[in-house]
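# Descriptive analysis of the structure
As a plain string of letters, each chain reads:
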Amino acid sequence: MSKDNQVLEELTSKEYEHGWTTDIETDSAPKGLNEDIIRFISAKKNEPAWLLEWRLKAYQQWTKMKEPTWANVKFPEINYQDVIYYSAPKQKVTPKNLEDVDPELIKTFEKLGISLTEQKRLTGIAVDAVIDSVSVATTFKETLGELGIIFCSFSEAVQKHPDLVKKYMGSVVPVNDNYFSALNSAVFTDGSFCYIPKGVRCPMELSTYFRINAANTGQFERTLIIADEGSYVSYLEGCTAPQRDENQLHAAVVEIYAMKDAQVKYSTVQNWYPGDKEGKGGIYNFVTKRGLCYGDSSKISWTQVETGSAITWKYPSCILRGDNSMGEFYSVAVTNNYQQADTGTKMIHIGKNTKSRIVSKGISAGHSQNSYRGQVHIMKRAEGARNFSQCDSLLMGDKCGAHTFPYIDVENSTARIEHEATTSKIGEDQIFYCLQRGIDEESAVALIVNGYAKEVLNQLPMEFAVEAQKLLALTLEGSVG
Amino acid sequence: MLTIKNLQAKIGEKQILNGINLEVKPGEVHAIMGPNGSGKSTLASVLAGREEYEVTGGEVSFEGKDLLEMAPEDRAREGVFLAFQYPVEIPGVSTINFMKTAVNQIREYRGQPTLDAVSFLGVMKEKMKLVEIDQALLNRALNEGFSGGEKKRNEIFQMAMLEPKLAVLDETDSGLDIDALKIVSNGVNKLRNKSNAVIVVTHYQRLLDYIVPDFVHVLYKGKIVKSGTKELALELEAKGYDWIKEEVSVL
Ligand SMILES: Nc1ncnc2c1ncn2[C@@H]1O[C@H](COP(=O)(O)OP(=O)(O)OP(=O)(O)O)[C@@H](O)[C@H]1O
Ligand SMILES: [Mg+2]
């Protein structure tokens, strides 16, 4: 075995860092899915009748749909009756502020490096912490409230801002958009809600941190971000889960609605448990994320660093409806061991002079499979639309796979589309050059990989970028062959 | 400092080094010359620990330690530096970032405290002057799109940063324009002292006009077939290698 391979073996066996569970009493629904479970969830959340109806309708639609099979991923059939659809950390009182939150929960998040307490004030990031489908704490509410910004859990928004929720929920991702969005619409338990009023520039990063804790629990959260005319917000999302032998289901929906001149930047560092090195366990991550550039000159930008999950099925997309609107997608997807990722984006150009930019960097190691799937659709009315796509794949070792599936539909002849794709391997020469300068092999790979992904990492807010770099290094160090 | 005894190495099935003997003492400059394909870069790679080359015999001691036993990164940390004939590109990684990682890993290995960003930049600014390299170049991705000469200058900048005990410069002069050759050579000379040594691999006398060697060796078919002082280089420049090849075939 060559030394590179040896290092590869050593490092790919590196343990998942967030693989612990917290001992918290939970309040769960029985396993399985039927109308009663949905009524149970809705009642637990004290929801208005219209929402229960909405859920039941979604459930009806879901039962008539089939799991999609077109993605380049393989997994045993999921038994949807074997999943727990509601699990909430038991809290004595509903937390009104941080003092009421169970200290165990606060500790859980502190272990993840996320402080929900005072000290977070220094970093200036407002956090909504979601554990097992329920939002446990949202920080900085008052400060944001002074600007008219609403940032709270989805459940709270349903109670306090029902008009906004009713108007926008499902307006970007329709219930029956796909199998998983329908499922989510039926059983979603919580998530984050955010509204930025006209002309307001949100002064701090808003962030949601998701953690799955309880066993056998599916996590189905919804996020809804509404950016009113001329507003701006940068939104961060992070996620982890404990190490478990069985696969857990995560099917989220994120909707972004941008009005005229509004700008939304949505960044994700996804670090769900990927399964062990034999491919046992790990999160099945089936996520629907979509932004609607409804107003003219609006802009939505997705940045994602995907390092976790056993299976990733995720295509953050932009519907460019407003004239001169712009969509961006920056992605680094890393797969190692037996991970499978099928991820990419859709850019639907409807308005005139709409622009989109796609930069996708796939990195595959071990026995993993990494696919980029992207669609660029220029509709008839989209005079002068432009797209630029760059899809790069980096391979480490010879047991993994990288695949690119670009789909391009052009219905307007004035459109300009550029597509570039490359596949490369980390070179022995590059590694040796680093070694010769006294840099060990792990750091060498970290350097090279971070260099490769730089264009995407540069899009992340500072604090997240550092975390993302560490994560990349941790997932991949030394995976050369 | 460096003692090479009967060193033999091959790549794949091809034997390239056929028993090299060389002794380098602190403060010395050795020039290694020889026709294309004679094994000069191979020797440099073997010293630096490139895995593709299999050492089939002989020994190398560096500062009393068995060099061949050491991992390549440890050889670098012990003070062996190789300026590559063909420096590789590393997209997205600036020379600054690259050097900061290298300097700090070496310092850690030596039990010295690592340098923070500010002190690192301080050291860097100083070394930049030595080889007259522009910071704009160091901010760019390592060697990516660098001209041939810029790559070579960057190698010597790295040498300045790492202050090796033994530097092996593999055709550092190739690609440098006349002025750059002078600047880079002067840089190397300024880095020389009583306790370090340099091995320069070159085809031309012009480099040796600036970096004056104490010894000149001719490598041919994987062996040092002739050694002499700086006059040998002048003789080679005038007469080429044929007479040496003939001498060898007579033996
Ligand atoms: N990977 C390899 N596979 C096969 N042969 C190799 C390999 N690497 C080097 N060689 C051969 O080994 C011999 C010595 O090469 P080396 O690069 O050491 O020569 P050199 O003296 O540095 O030449 P130059 O002056 O042209 O730089 C050459 O014949 C070369 O083709
Ligand atoms: Mg050579």
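Chain B goes by Fe-S cluster assembly ATPase SufC in an unreviewed UniProt entry, where it is assigned to Dawidia soli.

The name given to chain A in an unreviewed UniProt entry is Fe-S cluster assembly protein SufB, and the organism recorded there is Dawidia soli. Looking at chain A in UniProt, the text filed under Sequence similarities (unreviewed entry) is "Belongs to the iron-sulfur cluster assembly SufBD family."

## Details of the packing of aromatic side chains
Summed over the entire model, instances satisfying the criterion amount to 25 aromatic pairs over all chains. For the ring pair A:Phe432 and B:Phe84, a centre distance of 6.0 Å and an interplane angle of 85 degrees mean the geometry is edge-to-face. With A:Phe432 in helix H10 (residues 428-436) and B:Phe84 in the loop between strand S6 (80-83) and strand S7 (90-94), this residue pair bridges two chains. Through pairs of rings, three or more aromatic residues link up here, namely A:Tyr59, A:Trp62, A:Trp70, A:Phe75, A:Tyr80, A:Tyr179, A:Phe180, A:Tyr284, A:Phe286, A:Trp313 and A:Tyr315. In this arrangement the basic side chain of A:Lys361 is found over the ring face of A:Tyr452, its NZ or CZ atom lying 5.0 Å from the centre.

## Comments concerning empty space enclosed by the protein
All names here are of chain A. Applying the stated criterion across every chain yields a total of five cavities of 30 Å³ or more. As a volume, the largest cavity reaches approximately 90 Å³. Lining the largest cavity are 17 residues, and of these Ser360, Gly362, Asn370, Ser371 and Tyr372 lie nearest its centre. Of all the elements in the fold, those that place two or more residues in the lining of the largest cavity are strand S17 (326-335), strand S18 (340-349), strand S19 (355-364), strand S20 (369-378), strand S21 (386-395) and strand S22 (401-410). Examining the composition of the lining of the largest cavity, we find that five residues originate from one element, S19, more than from any other. Here the second largest cavity defines a volume of roughly 70 Å³.

## Here's the deal with the sheet that holds strand S12 (residues 223-228) of chain B
All names here are of chain B. Strand order in this open sheet of six strands is S6-S9-S10-S3-S11-S12, and the pairing throughout is mixed. The open sheet has two free edges, formed respectively by S6 and S12, since each of these has just one partner strand. Geometrically, the sheet is characterised by an average inter-axis angle of 20 degrees between neighbouring strands, direction not taken into account. In the sheet, strand S3 (residues 29-33) pairs with strand S10 (residues 197-201) via four bridges, with the strands oriented parallel. Within the sheet, the bridge partner assigned to isoleucine 32 lies in S10 and is valine 201. Contacting S6 and strand S9 (166-170), helix H6 (residues 148-162) runs over the sheet at an angle of about 170 degrees to S6.

## Concerning the sheet that holds strand S5 (residues 65-66) of chain B
Residue and element names in this part refer to chain B. Strand order across the open sheet formed by four strands is S2-S1-S4-S5, with antiparallel pairing between neighbours. Two strands close off the open sheet at either side, each with one partner strand: strand S2 (14-24) and S5. Bridge count between strand S1 (residues 2-11) and S2: eight bridges; the pairing is antiparallel. Bridge pairing in S2 links lysine 10 to glutamine 15.

## With respect to the coordination of the magnesium ion (ligand 2)
Residue and element names in this part refer to chain B. At the metal site, the magnesium ion (ligand 2) is ligated by Ser41 (OG) and Gln85 (OE1), and these contacts range over 1.9 to 2.2 Å. You can see serine 41 sitting in helix H1 (residues 40-48) and its partner glutamine 85 sitting in the loop between S6 and S7, a full 44 residues away along the chain. The buried category is assigned to glutamine 85, whose relative accessible area is 16%.

## Remarks on the site of ligand 1
Residues and elements named next belong to chain B. Neighbouring ligand 1 are 14 residues, the closest being Gly37, Lys40, Ser41, Thr42 and His203. Between ligand 1 and asparagine 36, the relevant distance is 3.0 Å, taken from an oxygen atom to a side-chain nitrogen or oxygen of the residue. Within the side chain of glutamine 85, a nitrogen or oxygen atom sits 3.1 Å from an oxygen atom of ligand 1. Listing elements by their share of the shell around ligand 1, those giving two or more residues are S2 and H1. No other element matches H1, which puts three residues into the shell around ligand 1.

Reading guide: rules and limits
- Residues numbered from 1 in each chain as written.
- Chains lettered and ligands numbered in written order.
- Predicted model: local features only at pLDDT ≥ 70, side-chain atom pairs only at ≥ 80, totals over all residues.
- Heavy atoms only, no water.
- UniProt positions renumbered as here; feature names shortened; annotations may be inferred.
- Phe/Tyr/Trp six-rings, centres within 6.5 Å; stacked < 30°, edge-to-face > 60°.
- Helix = DSSP H or I, 4+ residues; strand = E, 2+ residues; numbered from the N terminus.
- Lys NZ or Arg CZ within 6 Å of the ring centre and 35° of its normal.
- 1 Å grid on protein atoms, 1.4 Å probe; cavity = no way out; pocket = protein on both sides within 12 Å on 5 of 7 lines; lining within 4 Å.
- Points joined across faces, edges and corners; volume = space filled by probe spheres on them.
- Pairing = 2+ DSSP bridges.
- Axes fitted to C-alpha atoms, helices over the stretch in contact; angles between N-to-C directions.
- Contact = heavy atoms within 4.5 Å.
- Donors = N, O, S within 2.8 Å, 3.2 Å for Na, K, Ca; no water.
- Buried < 20%, exposed > 50% of the residue type's maximum accessible area, 1.4 Å probe, protein only.
- Near = heavy atom within 4 Å.
- Polar contact = N/O pair within 3.5 Å; in protein donor to acceptor, adjacent residues only side chain to side chain.

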